[in-house]
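# Working through the structure, step by step
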Amino acid sequence: MTEQSYRLVKGGHAKLKVVRWNRYGHDRLDANLPDGTAVAWVDCKTGKLTILAQ
């Protein structure tokens, strides 16, 4: 598990937990806030970034 810093639009910072998820033929990195709220994920095969919350 890796923690990254995420710069918010309003200038604040939030710590994210970045966890690799590899199941059912998918390989991605999930980024979640410390409370478990999903923020984004990246498909490691295609490089596509999906932002779930801002």
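Residues numbered from 1 in each chain as written. Predicted model: local features only at pLDDT ≥ 70, side-chain atom pairs only at ≥ 80, totals over all residues. Heavy atoms only, no water.

Our focus in this paragraph is the environment of W41. With respect to the helices and strands, W41 occurs in strand β4 (residues 38-43). Judged by its relative accessible area of 23%, W41 falls in the partly exposed class. Apart from residues no more than four positions distant in its own chain, W41 is found in contact with R28, L29, D30, K48, L49, T50 and L52. (Helix = DSSP H or I, 4+ residues; strand = E, 2+ residues; numbered from the N terminus. Buried < 20%, exposed > 50% of the residue type's maximum accessible area, 1.4 Å probe, protein only. Contact = heavy atoms within 4.5 Å.)

Attention shifts here to the nonpolar core. One recurring pattern in soluble globular proteins: nonpolar side chains tend to sit buried together. In terms of nonpolar packing, the biggest core is built from five residues, these being L16, V18, A31, V39 and A40. Taken together, the elements giving at least two residues each to this core come down to β2 (13-23) and β4. The residues contacting A40, other than those within four sequence positions of it, are L29, D30, A31, L49, T50, I51 and L52. (Core = buried A, V, L, I, M, F, W, Y, C linked by side-chain atoms within 4.5 Å.)

On to unusual backbone geometry, then. Look at Y24: it is not a glycine, yet its phi comes out positive at around 55°. Owing to a relative accessible area of 73%, Y24 belongs among the exposed residues under this scheme.

This part takes up the pattern of salt bridges. Pairing between side chains of opposite charge can happen when their charged atoms approach one another. Throughout the structure, instances matching the rule amount to two salt bridges. The shortest N-O distance in the salt bridge between D27 and R20 comes to 2.9 Å. Classification of R20 by relative accessible area gives exposed; the value is 54%. Here R28 and D30 are joined by a salt bridge, their closest N and O atoms 2.9 Å apart. Owing to a relative accessible area of 22%, R28 belongs among the partly exposed residues under this scheme. (Salt bridge = Lys/Arg side-chain N within 4 Å of Asp/Glu carboxyl O.)

This part is about the confidence of the model for the chain. With 70% of its residues at a pLDDT of 70 or more, the chain shows a mean pLDDT of 81. Confidence scores differ between elements of the chain, with strand β1 (residues 2-7) showing the lowest mean pLDDT of 49 and strand β5 (residues 49-51) the highest of 94. In this model residues 1-6 is a low-confidence stretch, pLDDT under 50, and it forms 18 contacts with partners more than four residues away in sequence or in other chains. (pLDDT = per-residue confidence, 0-100.)

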